[in-house]
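If you want the building blocks of each chain, they are given just below.
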Protein chains: 4
Amino acid sequence: MTSTTSAQSKITSLSASHAVELYARLRDSRQLSLDLAAPLSDEDQTVQSMDDASPTKWHLAHTTWFYEAFVLGPHLPGYQPFSDDFEYCFNSYYEAKGDRQPRARRGLLTRPTAQEVRDYRGYVDEALAKLFQRGLAADASDKVGALIELGINHEQQHQELLLTDILSLFAVSSLWPAYRQPQPKPKPEAVADVAPVAWITFDGGVHKVGHDGNGFFYDNEGPRHDVLLQQFRLASRCVTNAEWLAFIDDGGYRDPLLWLADGWATVKEFVWEAPGYWEQRHGVWHQMTLEGLRPIDTRAPVSHVSYFEANAFAHWAGKRLPTEFEWEVASASYSLKGNDLSTNALRPRPAVSADAERLAQPFGDVWEWTGSAYQPYPGYRPAPGAIGEYNGKFMVSQQVLRGGSCVTPPGHIRATYRNFFFPHQRWQFTGLRLAEDAA
Amino acid sequence: MTSTTSAQSKITSLSASHAVELYARLRDSRQLSLDLAAPLSDEDQTVQSMDDASPTKWHLAHTTWFYEAFVLGPHLPGYQPFSDDFEYCFNSYYEAKGDRQPRARRGLLTRPTAQEVRDYRGYVDEALAKLFQRGLAADASDKVGALIELGINHEQQHQELLLTDILSLFAVSSLWPAYRQPQPKPKPEAVADVAPVAWITFDGGVHKVGHDGNGFFYDNEGPRHDVLLQQFRLASRCVTNAEWLAFIDDGGYRDPLLWLADGWATVKEFVWEAPGYWEQRHGVWHQMTLEGLRPIDTRAPVSHVSYFEANAFAHWAGKRLPTEFEWEVASASYSLKGNDLSTNALRPRPAVSADAERLAQPFGDVWEWTGSAYQPYPGYRPAPGAIGEYNGKFMVSQQVLRGGSCVTPPGHIRATYRNFFFPHQRWQFTGLRLAEDAA
Amino acid sequence: MTSTTSAQSKITSLSASHAVELYARLRDSRQLSLDLAAPLSDEDQTVQSMDDASPTKWHLAHTTWFYEAFVLGPHLPGYQPFSDDFEYCFNSYYEAKGDRQPRARRGLLTRPTAQEVRDYRGYVDEALAKLFQRGLAADASDKVGALIELGINHEQQHQELLLTDILSLFAVSSLWPAYRQPQPKPKPEAVADVAPVAWITFDGGVHKVGHDGNGFFYDNEGPRHDVLLQQFRLASRCVTNAEWLAFIDDGGYRDPLLWLADGWATVKEFVWEAPGYWEQRHGVWHQMTLEGLRPIDTRAPVSHVSYFEANAFAHWAGKRLPTEFEWEVASASYSLKGNDLSTNALRPRPAVSADAERLAQPFGDVWEWTGSAYQPYPGYRPAPGAIGEYNGKFMVSQQVLRGGSCVTPPGHIRATYRNFFFPHQRWQFTGLRLAEDAA
Amino acid sequence: MTSTTSAQSKITSLSASHAVELYARLRDSRQLSLDLAAPLSDEDQTVQSMDDASPTKWHLAHTTWFYEAFVLGPHLPGYQPFSDDFEYCFNSYYEAKGDRQPRARRGLLTRPTAQEVRDYRGYVDEALAKLFQRGLAADASDKVGALIELGINHEQQHQELLLTDILSLFAVSSLWPAYRQPQPKPKPEAVADVAPVAWITFDGGVHKVGHDGNGFFYDNEGPRHDVLLQQFRLASRCVTNAEWLAFIDDGGYRDPLLWLADGWATVKEFVWEAPGYWEQRHGVWHQMTLEGLRPIDTRAPVSHVSYFEANAFAHWAGKRLPTEFEWEVASASYSLKGNDLSTNALRPRPAVSADAERLAQPFGDVWEWTGSAYQPYPGYRPAPGAIGEYNGKFMVSQQVLRGGSCVTPPGHIRATYRNFFFPHQRWQFTGLRLAEDAA
């Protein structure tokens, strides 16, 4: 793609190598969204299953609008928006950007069509190429580079949501459609049972947590600061489906004393008897997956459990959830490589580590609920303007999750990364790892 | 289409000419649904705007399932359903046919796709052709002929709903998409104002109402019976948008004394200030139509008003709504020709009659709310089985409408035809004609 | 009470005897409300069980406000309202009288206290005595007499509601409190079984229905007019609890094909398995009554069934409900005497008639659901102003009931009397009598 | 009261002086509840204004049931419960104690009557006297003493709720009833303006927080542990009504960028324009108080603001809320004496401290929202059984408040005391004190 190359070569004040690398990642990221949507019909891309989920088409368009609103509009002279209507349609929650399509009604937008959204993506991608090609004013390039970095990370978040939201949509259909056909079965040696949990001890004392500022991070990961921890232990791996079945069999969903009060109310209201997407067929537990309705893999980490469920399980097990800082301190030295979107498994896999001294699967597989409420770090201040709405305004009533999942795009996760959901939500790939006090 | 012709020639015990005629109408009816859906993308066909409305795709499939469930399954030996899942997906409300996709969640079915539904239609159409071709057992042919007749009429109802439901969907979009591009403006002579209302007197006494049994009719149109009427007068034409604007300007939507109690509660709950789909743009009232958002045509009949509104308007005007029997007696002698779907106007048109002695536009344009609750006629008994669920089980809390609308398929309407909606509903092309006592 | 007598003697233009009689009835009516409230604590009188029901205290005050608003304020010179706040508190639904306490929040009014309400009643009663004592201006007396007549009838309606509303309140308590202690058991001879249903035939043809204008009637009972009926038959008595048990045992509450669509939705939403207030205790059906939770009397008319249930039962029995005009024509010649509030039974009693040629219990025991929607009679016009809101604005979506109940005050019911409730409501003493076509 | 004295003298293994002191406090506490209810009619005591609030009568009975369920039943041999029904009626949320009256329907219980509840209190108080009189088994006395201590503290919490709940009830009445008549106006010298806010600096470093175990405390106040704080500053006094008016006037309730996302949704849903109970009358802001509707005292601390509002205000002011640990460290050395229930003011009073170096009003006046989510302390474990449900099961989605209010009973508050409410709730006397980073 000649024009791209020349575009990169003309970037002025971003360092040339940074510009080349940034543009390459931008293009890959833009392409990945299209690849993820490719197995879906235009109809699949239009509907939303519930208020919390968005249509595929909306994800494709919103991530594009983000560049239009925050990068091209302000920083590409003469840029004309693709359509005057799209800001209303595809703004997610930026109050500073004005009125928008109500979240619960995103699935009513049959227009613009999926094809128009793809055209929109092409139009914006071309403008982004032009932005790189023509270079940036010296005084703006750092800022624009940072915004593009944010745009890439933003799109990665929506890539994960695109997959969890389409799973949510297919799960409400009695036809149980598969996002993709089931992959060939793993070889026999792979089906060995997982190792029992080992308990790994971590030292108390003052630790640094939060992002150190080198490389991209979200504002909610900072400021880096000291926390005081007591000695603690973490389970070597996540809780498995087999362990969850034991919880079910022991009446876990029927004993109010195991549950937070709001959790028990939720169990009763929605008649929960098992994790999300679990269905009993002919006496066998199945789970709706991106490959359709499949028998439970007892060795794999349990997934699609809410904070309420994770907390009740920990209570039942006589343990607790780790705090987000315990988790961060424990995982800080680990490789970020794991069962994320790059493995293309699209489901959590059994822990394979044989080393009882090391955490298995800290990154990938399932987001791990922590016992920490989502709150600002000391000294946290949101950025001014719309970008400042990214994280800070959600800092109440939610719980922090750590570690990424099997559908998190590679390169997106970090030890300091803070995800957050309400305690009843469970349409993400969410699981848990137990902790205990060391004393 | 040779096979069709030969099919028809082989029909055994339906009279040959009846079979030919019936099959021709069946084919036309099946084609019309596809034609009506043709301007819509597959995405447009998938979504529903609200619980009361269904996706286009669902209409296309449900009308097809009707033949499968009631005609082909029971009467075409060896018939295999297209898919085991479709009865669940596309049964509307027949309790006798078992569980089904909840009405409010029809719009979540991205699978089967619109293309699969079109294939389903082709498959069933072919089987219907085969049914005609192979002939029918003598003892079944009358019954099967009646069921096909019912199927055609059933599909006509859904053709009307298809259009009103897509209008409802497009009306919730801030883009105001048009089902079709606006037609060329009418010629100058057509824009003359409508004539003032004349009051036409009809005699009291005992009248016959209800269908006489010649030709197709729904069970709720019978039994034909005597009713006793007092002398009454009907307005020569429907209430116009201009007249409705006067009602608005006079505070009609702000005076509780004009309204039924439930109507006033509805006005307040939904903050009604004008008929459905009315929007003020730059101080001018527009209405969302199948050609997009268009300025109000003050001469045309008001449309998309609920029974609550129609009743309040009549109260305000010092008149009342006609009973369904007054309407039927008054209209019995009129031609059924009017501004229905065959004119392709897709909107109510101004009354053009210059004859103050005759009712203008009794058929077509807008369904006319009557003051009659939807109740069974004396001696009414629903048919046994699923077909008996067609009409009878809705005979409570609804009001009767008469006369058909601008999107009623030609051949579907009759003077005895009873449509019915809840008093708050207004997404159909619903208007009113005033009445008064003659005394 | 001397002052009263002298008051009556001074009435000017109402005929003296009418004034005496009217004032006596007024006093009795005012006293009856207090008597009915006497067994209740002030707390019992304050709370409402649901939106449809009102607190006892509210009934006591609202019926008093009615006189203040429509009689004393306009017609007793110098009358000062007891309190400026009470119009807001105790207006029921008269839009013409301004804003008011929302219906669903009447039970939040702990102030004014029950004692203040009793004081309010005393204050207004004294003013009413003064009104009679001082006489009325000649030109107003007919009108005021009519308003007092309306006030008495209005209070009678609320006396019935007071009892059904307190039953509703006590029925939500797990303590099942009794409004009064159970009465002694009937003598042995009284417990004989009821006679089987006989079918009594009534002639078709043109009949007069509606009130003839002699004596008090509500505006919705007129104008008197002709209706054309076909020959029909009515059951000699109401459906009994024993018959209803057969319906339950036959799966009546589980077969959707017996039900109106809205009825079936209601059955599922509220998990109805039996009439209102029925509870199974140790395998025996009981019903909450004004004497607490009591075993079902199988011989008594079924009560607390909704229109949906009555309609489904009739469907199950292969019969139908009578129309309101059939009921009126059939009952027109019967004595109004029956098991109403004057018997002090406070519950429906078994039919005792041995005469198979005559209707048993047309008046009293249970309100009988008819198959007629509540609609205006030909020529009906509501009165102007607030009084005109009494009946007319409810004429949609409800069904007519006839005949009064065991808690209807004596003198309140007539053959032309039209009661009306929504088809799902069943907190009144509502039952049914079956009908069939004679042909 | 002779019997009491002798009762105390017989206590065996509690130290005699402890028993005397405990019993005296128990009696005072039991009496205080009755005193607080005394100004209320039985009707006032029966109704609840909303799901979050309970009737006075229920508070009186529930605090009594607590002794019956946890003290008398297990520990007074031969104790007979007052009524078999009361556990169902008056259990609040102890799942371990079985089914109970749904919280939102507590206001439907007109039976037991308020008088029966008073009798219940007498019966239980007598049994408690007997428990003290007869002495306790040596092995149980510590445990029973602890349970009685818990019972006293439990009742204190409900004494505060009794007042805030009755305020909530009276606030929904258009009559604005007063719990008590307004007190005489303060003297002129008292109406001087409050001092401007001073900022008081506190050192960072490791601090001990949580209860040290001497004396009564709730389980959620422990374990005592180290926390690491950064240097910070607290405002010398709470935010006043005058300051809140400035926030309102500056459009605070109209600017979404100031608010948490859930907070803004709440503002829009409930159309919040001012703190709870604020009403504009003739252009002047009033607030509903326990003395009825009164003009705002601009110098007093703002009250009845939710966490959402407190957070938005802090954002608007360019400050933040303190964490609960900052608050605790800062207040640890202060006297607990303040404007609590013992002053009988029943409303927050202006800060009077002239000393800019010291916190004014840390205890009493208003509960101060902190920026800390309500979470367990490290090592926290709830007690086993029903008592363990007291605090732990609410540790999600709520925020911590500190310091007590003008209706907190004296002796109830401590520097380590953690109150908690959902971020939208504001029917308590809740306000805020600002904080800022010291750097």
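Reading the values: rules and limits
- Residues numbered from 1 in each chain as written.
- Chains lettered and ligands numbered in written order.
- Predicted model: local features only at pLDDT ≥ 70, side-chain atom pairs only at ≥ 80, totals over all residues.
- Heavy atoms only, no water.
- Helix = DSSP H or I, 4+ residues; strand = E, 2+ residues; numbered from the N terminus.
- Buried < 20%, exposed > 50% of the residue type's maximum accessible area, 1.4 Å probe, protein only.
- Contact = heavy atoms within 4.5 Å.
- Areas by Shrake-Rupley, 256 points an atom, 1.4 Å probe, with all protein chains shown as cover.
- Least-squares fit on C-alpha atoms with pLDDT ≥ 70 in both.
- Buried area = accessible area lost by both parts, 1.4 Å probe.
- Salt bridge = Lys/Arg side-chain N within 4 Å of Asp/Glu carboxyl O.
- Pairing = 2+ DSSP bridges.
- Axes fitted to C-alpha atoms, helices over the stretch in contact; angles between N-to-C directions.
- Domains from an automatic or database assignment.
- Polar contact = N/O pair within 3.5 Å; in protein donor to acceptor, adjacent residues only side chain to side chain.
- Parallel < 35°, antiparallel > 145°, perpendicular 65-115°, else oblique.
- Nonpolar A, V, L, I, M, F, W, Y, C, P; charged D, E, K, R; others polar.
- Arc of directions from axis to C-beta.
- Phe/Tyr/Trp six-rings, centres within 6.5 Å; stacked < 30°, edge-to-face > 60°.
- Lys NZ or Arg CZ within 6 Å of the ring centre and 35° of its normal.
- Core = buried A, V, L, I, M, F, W, Y, C linked by side-chain atoms within 4.5 Å.
- Left-handed = near helix turned anticlockwise from the far one by under 90°.

**Some details on the overall build of chain A**
Then, in step 1: From N to C terminus, chain A includes ten helices and twelve strands.
Then, in step 2: Its C-alpha atoms give chain A principal-axis dimensions of about 65 × 55 × 45 Å.
Then, in step 3: In chain A, which comprises 439 residues, the proportion classed as buried is 61%.
Then, in step 4: In chain A, of all internal contacts separated by at least 6 residues, the share reaching a separation of at least 24 is 79%.
Then, in step 5: A total of about 16,800 Å² of accessible surface is found on chain A, and carbon and sulfur atoms cover 53% of it.

**As for the relation of the copies chain B and chain A**
Then, in step 1: Superposition of chain B onto chain A requires a rotation of 179° combined with a translation of 0.0 Å along the rotation axis, giving an RMSD of 0.0 Å. Considering both components of the superposition, the chain copies are consistent with a two-fold axis. Considering only C-alpha atoms, the residue of chain B closest to the rotation axis is E43 of chain B, which sits at 2.4 Å.
Then, in step 2: The share of interface residues of chain B whose copies in chain A are also at the interface is 100%, consistent with both copies meeting through the same surface.

**A look at the interface of chain B and chain A**
Then, in step 1: Residue-level contacts link 31 residues of chain B with 31 residues of chain A.
Then, in step 2: Between chain B and chain A the total buried area reaches about 2,200 Å² when both faces are included, carbon and sulfur atoms providing 57% of it.
Then, in step 3: Summed over the three residues of chain B that lose the most area to chain A, namely E43, R111 and L175 of chain B, the buried surface amounts to 32% of that side.
Then, in step 4: Where chain B packs against chain A, one counts four salt bridges.
Then, in step 5: A salt bridge links R111 of chain B to D44 of chain A; its shortest N-O distance comes to 2.8 Å.

**Describing the sheet that holds strand β5 (residues 278-281) of chain B**
Strand pairing in a sheet relies on backbone hydrogen bonds. The paired strands run either parallel or antiparallel.
All names here are of chain B.
Then, in step 1: Read across the open sheet, the three strands follow the order β5-β6-β7; overall the sheet is antiparallel. In this open sheet, the two edge strands, each paired with only one partner strand, are β5 and β7 (292-295). Averaged over all adjacent pairs, the angle separating strand axes in this sheet is 40°, with direction ignored.
Then, in step 2: In terms of strand pairing, strand β6 (residues 284-289) meets β7 through four bridges, oriented antiparallel. The partner of H286 across the bridge, within β7, is P295.

**Quick word on the sheet that holds strand β7 (residues 292-295) of chain C**
Residues and elements named next belong to chain C.
Then, in step 1: Pairing within the open sheet is antiparallel, and its three strands lie in the order β5-β6-β7. The open sheet has two free edges, formed respectively by β5 (278-281) and β7, since each of these has just one partner strand. Along the sheet, successive strands turn relative to each other by an average axial angle of 40°, direction set aside.

**Focus on the domain arrangement of chain A**
Much of the literature gives interface size as the accessible area that the parts lose upon coming together.
Residues and elements named next belong to chain A.
Then, in step 1: Split into domains, chain A comes out as domain 1 (4-171) and domain 2 (190-437).
Then, in step 2: Relative to domain 2, the C-alpha centre of domain 1 lies at a distance of 28 Å.
Then, in step 3: Listed per partner, the contact involves 30 residues of domain 1 and 29 residues of domain 2.
Then, in step 4: For the pair domain 1 and domain 2, the summed buried surface comes to about 2,400 Å²; carbon and sulfur atoms form 68% of the total.
Then, in step 5: At the boundary of domain 1 with domain 2, the tally comes to zero salt bridges.
Then, in step 6: At the boundary of domain 1 and domain 2, one finds eleven residue pairs in polar contact (both at pLDDT 80 or more).
Then, in step 7: Looking at the side of domain 1 that touches domain 2, the elements that each hand over two or more residues are α2 (16-37), α3 (56-75) and α6 (138-171).

**Considerations on the packing of helix α3 (residues 56-75) of chain C against helix α6 (residues 141-171) of chain C**
Residue and element names in this part refer to chain C.
Then, in step 1: Between α3 and α6, whose axes approach to 9 Å, the crossing angle comes to 170°. Of the possible angle classes, the one that applies to α3 and α6 is roughly antiparallel.
Then, in step 2: Residues that form the contact of α3 with α6 fall into these classes: 14 nonpolar, eight polar and three charged.

**Concerning the relation of the copies chain D and chain C**
Both copies of the chain are placed relative to one another by a rotation about an axis and a shift along it.
Then, in step 1: It takes a turn of 179° to lay chain D on chain C, together with a shift of 0.0 Å along the axis; the resulting RMSD is 0.0 Å.
Then, in step 2: Residue by residue, 100% of the interface of chain D is reproduced at the interface of chain C, so both copies engage with the same surface.

**Here we look at the interface of chain D and chain C**
Then, in step 1: In this assembly, 31 residues from chain D lie in contact with 31 residues from chain C.
Then, in step 2: Looking at the side of chain D facing chain C, the largest losses of area belong to E43, R111 and L175 of chain D, adding up to 32% of the total buried there.
Then, in step 3: Our count for the chain D to chain C interface comes out at four salt bridges.
Then, in step 4: The tally of links between chain D and chain C comes to ten residue pairs in polar contact (both at pLDDT 80 or more).
Then, in step 5: Among the elements of the structure, α4 (86-90) and α6 (138-171) of chain D are those that each provide at least two residues to the side of chain D that touches chain C.
Then, in step 6: Residue composition of the side of chain D that touches chain C, grouped by class: 15 nonpolar, nine polar and seven charged.

**Quick notes on the side chain of E328 of chain B**
All names here are of chain B.
Then, in step 1: Mapped onto the fold, E328 is located in helix α10 (residues 324-331).
Then, in step 2: What makes E328 buried here is its relative accessible area of 3%.
Then, in step 3: At 2.7 Å, the side chain of E328 forms a polar contact with the backbone nitrogen of G210.
Then, in step 4: Ignoring anything within four residues of it in the chain, the contact list for E328 reads V209, G210, Y377, R402, A415 and T416.

**Focus on helix α8 (residues 261-270) of chain B**
Residues and elements named next belong to chain B.
Then, in step 1: When α8 is considered as a whole, its buried residues turn out to be G263, W264, T266 and V267. Buried residues along α8 cover an arc of 160° about the axis, so they all sit on one side.
Then, in step 2: Looking at the buried residues of α8, the elements they touch are α9 (307-317).
Then, in step 3: Backbone geometry just downstream of α8 places V271 in the positive-phi region, at approximately 50°.

**A look at the pattern of salt bridges**
Then, in step 1: By the definition in use, this model includes 92 salt bridges over all chains.
Then, in step 2: Note that R118 of chain A and D42 of chain A form a salt bridge whose closest N and O atoms lie 3.2 Å from each other. Of the two residues, R118 of chain A is situated in helix α5 (residues 114-134) and D42 of chain A in the loop between α2 and α3; the sequence distance between them amounts to 76 residues.
Then, in step 3: Across the salt bridge formed by R320 of chain B and D437 of chain B, the nearest N and O atoms sit 2.9 Å from each other. Placement of the pair is R320 of chain B in the loop between α9 and α10 and D437 of chain B in strand β12 (residues 435-437), with a sequence separation of 117 residues.
Then, in step 4: Each of R30, R121, D125 and E155 of chain A takes part in one network of salt bridges that share partners.

**Things to note about the packing of aromatic side chains**
Then, in step 1: Under the criterion given, the structure shown has 124 aromatic pairs over all chains.
Then, in step 2: For the ring pair F66 of chain D and Y67 of chain D, a centre distance of 6.4 Å and an interplane angle of 85° mean the geometry is edge-to-face.
Then, in step 3: On the basis of relative accessible area, F66 of chain D is assigned to the buried category, the value being 0%.
Then, in step 4: Its relative accessible area of 0% is what places Y67 of chain D among the buried residues.
Then, in step 5: Consider the rings of F82 of chain D and F86 of chain D, whose centres lie 5.5 Å apart with planes at 50°: the pair is tilted.
Then, in step 6: The class for F82 of chain D is partly exposed, based on a relative accessible area of 31%.
Then, in step 7: Of the aromatic side chains, those joined through ring pairs into one cluster are W244, F247, Y253, W259, W264, F313 and W316 of chain A.
Then, in step 8: Its guanidinium or amino end placed over the ring of W58 of chain A, R106 of chain A lies 3.6 Å from that ring's centre, counting from NZ or CZ.
Then, in step 9: Between the NZ or CZ atom of K319 of chain B and the centre of the ring of W199 of chain B, over which it lies, the distance is 4.6 Å.

**Describing unusual backbone geometry**
Then, in step 1: That bond from R111 of chain A to P112 of chain A is cis: its omega, -5°, falls within 30 degrees of zero.
Then, in step 2: With phi around 50°, V271 of chain D is a residue other than glycine that occupies positive phi space.
Then, in step 3: Assignment of secondary structure puts V271 of chain D in the loop between α8 (261-270) and β5 (278-281).
Then, in step 4: If you check the backbone angles, H282 of chain D has positive phi at about 50° while not being a glycine.
Then, in step 5: By relative accessible area, which is 84% here, H282 of chain D ends up exposed.

**Some points on the nonpolar core**
Then, in step 1: Core analysis: the largest hydrophobic core is formed by 228 residues, its most contacted members being W244 and L432 of chain A together with W244 and L432 of chain B.
Then, in step 2: Among residues more than four places away in sequence, those in contact with L432 of chain A are C238, V239, W244, V302, V305, A310, F313, L321 and W369 of chain A.
Then, in step 3: One finds L26, F86, W285 and W369 of chain C within the second-largest nonpolar core, a separate group that totals 227 residues.

**Examining the packing of α3 of chain A against α5 of chain A**
Residues and elements named next belong to chain A.
Then, in step 1: Two elements in contact, α3 and α5, have axes separated by 9 Å at closest approach and are oriented at 30°. For the element pair α3 / α5, the angle class is roughly parallel. Classified by chirality, the crossing of α5 by α3 is left-handed. Taking contact as the criterion, the partners of K57, L60, A61, T63, T64, W65, Y67, E68, V71, L72 and H75 in α3 are, on α5, A114, V117, Y120, R121, V124, A127, L128 and L131.

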